[in-house]
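# A look at the structure
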Amino acid sequence: MNRTKGDEEEYWNSSKFKAFTFDDEDDELSQLKESKRAVNSLRDFVDDDDDDDLERVSWGGEPVGSISWSIKETAGTSVSNHEGREQLKSRNSFSSYAPLPKPTSTYSLSSFFRGRTRPGSFQSLSDALSDTPAKSYAPELGRPKGEYRDYSNDWSPSDTVRRLRKGKVCSLERFRSLQDKLQLLEEAVSMHDGNVITAVLIFLKRTLSKEILFRELEVRQVALRHLIHFLKEIGDQKLLLDLFRFLDRTEELALSHYREHLNIQDPEKRKEFLKTCIGLPFSAEDSAHIQDHYTLLERQIIIEANDRHLEAAGQTEMFRKHPRKASILNMPLVTTLFYSCFYHYTEAEGTFSSPVNLKKTFKIPDKQYVLTALAARAKLRAWHDVDALFTTKNWLGYTKKRAPIGFHRVVEILHKNSAPVQSSVFYGSENDKSEVPLPTDITGVCQSGGRCGHKVELSHQVQVP
Amino acid sequence: MAFPHRPDAPELPDFSMLKRLARDQLIYLLEQLPGKKDLFIEADLMSPLDRIANVSILKQHEVDKLYKVESKPAVSSSEQLCFLVRPRIKNMRYIANLVNADKLAGRTRKYKVIFSPQKFYACEMVLEEEGIYGDVSCDEWAFSLLPLDVDLLSMELPEFFRDYFLEGDQRWINTVAQALHLLSTLYGPFPNCYGIGRCAKMSYELWRKLEDEEDGETKGRRPEIGHIFLLDRDMDFVTALCSQVVYEGLVDDTFRIKCGSVDFGPEVTSSDKSLKVLLNAEDKVFNEIRNEHFSNVFGFLSQKARNLQAQYDRRRGMDIKQMKNFVSQELKGLKQEHRLLSLHIGACESIMKKKTKQDFQELIKTEHALLEGFNIRESTSYIEEHIDRQVSPIESLRLMCLLSITENGLIPKDYRSLKTQYLQSYGPEHLLTFSNLRRAGLLTEQAPGDTLTAVESKVSKLVTDKAAGKITDAFSSLAKRSNFRAISKKLNLIPRVDGEYDLKVPRDMAYVFSGAYVPLSCRIIEQVLERRSWQGLDEVVRLLNCSELAFTDMTREDKASSESLRLILVVFLGGCTFSEISALRFLGREKGYRFIFLTTAVTNSARLMEAMSEVKA
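Residues numbered from 1 in each chain as written. Chains lettered and ligands numbered in written order. Predicted model: local features only at pLDDT ≥ 70, side-chain atom pairs only at ≥ 80, totals over all residues. Heavy atoms only, no water.

### Topic: the overall build of chain A
- Scanning chain A from terminus to terminus reveals 23 helices and two strands.
- Out of the 465 residues in chain A, the part that is buried amounts to 48%.
- Of the contacts made within chain A by residues no fewer than 6 positions apart, 51% connect residues no fewer than 24 positions apart.
- If you sum the accessible surface of chain A, you get close to 23,300 Å²; carbon and sulfur atoms cover 52% of it. (Helix = DSSP H or I, 4+ residues; strand = E, 2+ residues; numbered from the N terminus. Buried < 20%, exposed > 50% of the residue type's maximum accessible area, 1.4 Å probe, protein only. Contact = heavy atoms within 4.5 Å. Areas by Shrake-Rupley, 256 points an atom, 1.4 Å probe, with all protein chains shown as cover.)

### So, the overall build of chain B
- Secondary structure summary: chain B contains 25 helices and 14 strands in total.
- At 26 Å, chain B has a C-alpha radius of gyration in line with the 25 Å of a compact globule built from 617 residues.
- Taken over the C-alpha atoms alone, chain B extends approximately 80 × 70 × 60 Å along its principal axes.
- Relative to its 617 residues, chain B shows a buried fraction of 64%.
- Long-range contacts, defined here as pairs at least 24 residues apart, represent 79% of the contacts in chain B between residues at least 6 apart. (Rg over C-alpha atoms; globule rule 2.2 N^0.38 Å.)

### Regarding the UniProt feature "domain: Vps16 C-terminal" (unreviewed entry) in chain A
- When the UniProt feature table is mapped onto this chain, "domain: Vps16 C-terminal" (unreviewed entry) is found at residues 177–277 of chain A.
- Across residues 177–277 of chain A, helical content stands at 82% and strand content at 0%; the span's end C-alpha atoms are separated by 40 Å. (UniProt positions renumbered as here; feature names shortened; annotations may be inferred.)

### A word on the sheet that holds strand β9 (residues 227–232) of chain B
Residue and element names in this part refer to chain B.
- Reading across from one edge, β6-β7-β14-β13-β9-β8-β12 is the order of the seven strands in this open sheet, with mixed pairing throughout. In this open sheet, the two strands that pair with only one neighbour each are β6 (146–149) and β12 (550–554). With direction set aside, neighbouring strand axes in the sheet form an average angle of 20°.
- Across five bridges, the pairing between strand β8 (residues 192–196) and β12 is antiparallel. When the sheet's bridge partners are listed, I196 is paired in β12 with A550. (Pairing = 2+ DSSP bridges. Axes fitted to C-alpha atoms, helices over the stretch in contact; angles between N-to-C directions.)

### Details of the nonpolar core
- F83, W141, L183, Y247, L442, L584 and F595 of chain B are the most contacted members of the largest nonpolar core, which totals 263 residues.
- Contacts of L442 of chain B, omitting those with residues within four sequence positions, involve F161, F237, L241, C401, S404, I405, L437, M609 and M612 of chain B. (Core = buried A, V, L, I, M, F, W, Y, C linked by side-chain atoms within 4.5 Å.)

### Regarding the pattern of salt bridges
- Across all of its chains, the model carries 65 salt bridges over all chains by this definition.
- For D385 of chain A, the salt bridge identified is with R377 of chain A, shortest N-O distance 2.9 Å.
- Across the pair D151 of chain B and R585 of chain B runs a salt bridge whose closest N-O atoms are separated by 3.0 Å. On the criterion of sequence distance, the pair formed by D151 of chain B in the loop between β6 and β7 (152–154) and R585 of chain B in helix α24 (residues 578–591) is long-range, its members being 434 residues apart. Here D151 of chain B and R585 of chain B have matching classes, each one buried. (Salt bridge = Lys/Arg side-chain N within 4 Å of Asp/Glu carboxyl O.)

### Overview of the packing of aromatic side chains
- Here the structure, examined in full by the defined rule, presents 32 aromatic pairs over all chains.
- Between F214 of chain A and F246 of chain A the ring centres are 5.6 Å apart and the planes differ by 55°, which places this aromatic pair in the tilted class. One end of the pair, F214 of chain A, is in helix α10 (residues 210–218); the other, F246 of chain A, is in helix α12 (residues 237–247), with 32 residues separating them in the sequence.
- Assessed through its relative accessible area of 2%, F214 of chain A is described here as buried.
- Aromatic pair Y164 of chain B and F165 of chain B: ring centres 4.8 Å apart, planes at 90°, arrangement edge-to-face. Side by side, Y164 of chain B and F165 of chain B carry an identical accessibility label, which is buried.
- Among the aromatic side chains, those forming a connected cluster through ring pairs are F319, F338, Y339, F342 and Y343 of chain A.
- The ring centre of W207 of chain B lies 4.8 Å from the NZ or CZ of R208 of chain B, which sits over that ring. (Phe/Tyr/Trp six-rings, centres within 6.5 Å; stacked < 30°, edge-to-face > 60°. Lys NZ or Arg CZ within 6 Å of the ring centre and 35° of its normal.)

### Some details on the environment of F83 of chain B
Residue and element names in this part refer to chain B.
- Looking at the element boundaries, F83 is found in strand β3 (residues 80–85).
- Look at F83 and you get buried, because its relative accessible area is 0%.
- Linking F83 and K112, residues 29 residues apart in sequence, is a C-alpha distance of 6.1 Å.
- Excluding its chain neighbours within four sequence positions, the residues that come into contact with F83 are F40, Y94, I95, L98, Y111, K112, V113 and I114.

### Details of helix α8 (residues 178–191) of chain A
- The terminal C-alpha atoms of α8 of chain A lie 20 Å apart, and with 14 residues this matches the ideal 20 Å at 1.5 Å per residue to within 8%.
- When α8 of chain A is considered as a whole, its buried residues turn out to be K181, L182, L184, L185, A188 and M191 of chain A.
- The inward-facing, buried residues of α8 of chain A abut α7 (157–165), α9 (194–207), α10 and α11 (221–234) of chain A together with α8 (198–213) of chain B.
- Immediately beyond the C-terminal end of α8 of chain A, within one or two residues, lies H192 of chain A, with a positive phi of roughly 70°. (Expected span 1.5 Å × (residues − 1).)

### Looking at unusual backbone geometry
All names here are of chain B.
- The step from S116 to P117 runs through a cis peptide bond, and the omega angle for that step is 0°.
- The topology assignment puts P117 in the loop between β4 (110–115) and α5 (121–129).
- Residue E62 is not a glycine yet carries a positive backbone phi of 65°.
- One can find E62 in the loop between α3 (55–60) and β2 (63–69).
- Within the chain, D359 stands out as a residue other than glycine whose phi angle is a positive 60°.
- Inspection of the secondary structure puts D359 in the loop between α14 (320–357) and α15 (360–372).

### Notes on the sheet that holds strand β5 (residues 136–140) of chain B
All names here are of chain B.
- Taken together, the five strands give an open sheet; going across it, the order is β2-β1-β3-β4-β5, and neighbouring strands pair in parallel fashion. Edge positions in the sheet fall to β2 and β5, since each of these pairs with one other strand and no more. Here the average twist between neighbouring strands, direction ignored, is 20°.
- With five bridges connecting them, strand β1 (residues 37–42) and β2 associate as parallel partners. Counted as the bridge partner of I41 is K68 from β2.
- Against the sheet, helix α4 (residues 89–104) touches β1, β2, β3, β4 and β5, its axis set at about 170° to β3.

### A few points about the side chain of R607 of chain B
Residues and elements named next belong to chain B.
- Of note, R607 is situated in helix α25 (residues 605–612).
- Only 3.4 Å separates the side chain of R607 from the backbone oxygen of V602, close enough to count as a polar contact.
- Filtering out sequence-adjacent residues up to four positions away, R607 remains in contact with D252, R256, I257 and V602. (Polar contact = N/O pair within 3.5 Å; in protein donor to acceptor, adjacent residues only side chain to side chain.)

### Looking at the packing of α9 of chain A against α5 of chain B
- The contact between α9 of chain A and α5 of chain B brings their axes to 8 Å, and the two run at 40°. Residue-level inspection shows N195, T198, A199 and I202 of chain A of α9 of chain A in contact with α5 of chain B, the latter providing Y121, A122 and M125 of chain B.
- Looking at the contact of α9 of chain A with α5 of chain B residue by residue, the class counts come to five nonpolar, two polar and no charged. (Nonpolar A, V, L, I, M, F, W, Y, C, P; charged D, E, K, R; others polar.)

### A closer look at the confidence of the model for chain A
Residue and element names in this part refer to chain A.
- Looking at chain A as a whole, its pLDDT mean stands at 70, while 54% of the residues score no less than 70.
- Across residues 78–151, confidence stays below pLDDT 50; counting only partners more than four residues off in sequence or on other chains, it has 118 contacts.
- The model gives residues 423–465 a pLDDT under 50, and that stretch makes 72 contacts with residues more than four places away or in other chains. (pLDDT = per-residue confidence, 0-100.)

### Concerning the environment of W207 of chain B
Residues and elements named next belong to chain B.
- Here W207 lies in helix α8.
- Overall, the relative accessible area of 1% leaves W207 in the buried class.
- Between the C-alpha atoms of W207 and Q358, which are 151 residues apart in sequence, the distance is 45 Å.

See the structure below:
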């Protein structure tokens, strides 16, 4: 605990914690605090040789000797193999993580499994594990299923499906007529095992023409869902789109095509790809979103190129004082707006990077705009801009404070950026004809940053447009 | 504090056998590839594997080096490579790349792929397509039941949720049936079975089929577990979407409990190290607070700390001999307790800090309003503000889903405006996430004709069912109206509170949500167990859209002891939350039952939302 006592007092007594109240919280908290002190004070008594019952934990937080730990070790030492192995060996020797009891039997386990012919009889193993004499184990356990192969071709659909279900290799080639194939599929569906359904579908996909396959699946919804998921997983985008087209599921078709953009890293290529999405049969609402996505990326590419250049040139004060932390490419709109309010606040509406331009192009609501601009300007401590955000002149020429968001949020944001109380939105303006008489203890609210109890009063008096 | 079980509560079966079984089978499989080998493990299997084996066991069976299966290729010089993976296409491609690169370099090695818990034909197909079928040998490691605690078994298959509830893929149903079959072989038979949901029904049927196919080994045995209850996650999304306030749930929401253990960072351990801590019944301090409402935890920890202090203080007046006794007999236990205590105090502190920062009180208030169905407008603008301020995308999504399910969908105007703002705040590609949520029925828009009468909706249901060939949206069957409000009224999920709800002395399962809401899933289980059937719950079942999907199966022969009849195995298909576990543990204590939980994975609201998200962080 490196927190000083003073900090601690403030931590426990600050108004922040009042926000999270349970019964008798003061009492409980002081109890907790007390107990923490008690426990901490005990520490020096026990710390010296505390290690023996602690798990050994590596720097990554994994217990030494655990498998996850060991893998990290391999990854780190795979270049110098020999050394790594030595290290592993020595560290492993004091592994103390969840030691499991050694198998009770000293025989090699495989000897129990060997030579067992009758499935279902598991006598040898259960005998060998002496501590569980009464139980017999599930017969399927321990049998490597690949060993049992049967190439017999005379299985009925239900036999075939049963064998498939048990993970056995089983030829489907004898199901040649459409009727046989469909019977097989229906049998698989009736067993509910998705793995078997997919196995049959893989066979059908190979042996039926697309049109016939689609036609038959259209009336078999369970199987259809499996095929769609299978195509998604193996990434057979072309067949998937064909399927959606056939089914007339236009929206899924469009979304599925749109999804591909996530795999394109290059921004220019991604932009071009998004352009191809614009005409797709999305719902009217989604069409607008897709259009916006394209426009946003287009803008970001322009802004990024420009700003990267400016930053590299080192001539612009803004970029020198506040170097960019990351590229703006592929960021959400609100983040882009924040960026633009941060670096390009005063630009004229005509430039792509100006906040006003973004606001207009993407029809950003006032509320969202003010919130974002406020956060950005406050971060820069541009208190005049902050002030101006909330100042409007009415028809008589008086200025007024207005905010489309609750003033408690404004205060909170300002507090986070440690706005000086004097220059905060409420006090900064000289025109104190403001129609917002402020409660005198607003300062306190500002300082504590807590959720202010004045929300109600303020919202009564502030005209929210 | 920490209610004891009733004296007549039944003993839990010993599930550690499952660990031994899994480990022995793995060892057997490793021995199938004799000699030195390098083992490639899929990241998701590492933690479960850690729970049953450790490096020295692997070394004993000639595993030389361990690698993680990841995107970048690994350089291994071993002559034999063994891959331990989930049956996923991308793993097959990874292996294929490795094998094909070897082939190109004219190098021959032995390869073995061990699929856990089973292999899929789609994977074999990829191996075949990549031209390496036959070059690699395949095996299955049927490790599908990991005992995370004395009463909690996890299949560790978080992907179950997305695969089934979003994609409609039934690939894991066989895995579930196999797991149930194993359980009934070891601990069965289960005389009374209940279930609700499509997946529950299918799993049950397949399981029964497995039992019939094997000769009835369990017949004639006395049942250990009297009841089994299968439940689909989509019966109750609401509970899973709520913020958790019992300690274990809160720890999961805050730090993410992974495979029964949690990584406490430096802010908790008050040192510069992180610590991986197992959270289960063996942690005496944790065991007493895990099911408690968070507000009770402080009091308990303080009391504990005072006791501990007193015990340490005793050493002051001791002479040498007494001191020797103290050190040799008590000190170790005290030190252990001290360590645990300071960890949990640290965790509490850290939780408090985080929750205060995110305005937890306000959040909880909004959730409660949504559950009770008042101030919908206010809640909607709260969510809107959340989005506008770019507060965590998962959190915003969760609240929208909660609003949607409790209100039977968002009104179109709200849906459009929230969606637009969401895309603006978190990225346009979330369009795909919204499409997923709609398909899964988690976030929907009220259709214009959604206020139909019962008759009308019945007719329209018939029409959609019959016209199976021409449904434009195949997922309409998966995304149904939630009817939450009506169900809540029918089952009394919102307790009427006269005065304060005393969270120290909970009177019902609602305590896990501060007395505001009884988890729907747990209420269903309670009601069915009380009646030993679905009788009298027809209306609820209908509202859950499960008229044909609720089942009961009782064996007539009654050999079950009264003790076993109070032992209940609850199977959550698609995941369960720690809050649900706590609620049922509470119910058990009240009624003298013991519950055993089997879940496809432990889940929470964030995990559900991430599973639906198309954009990987």
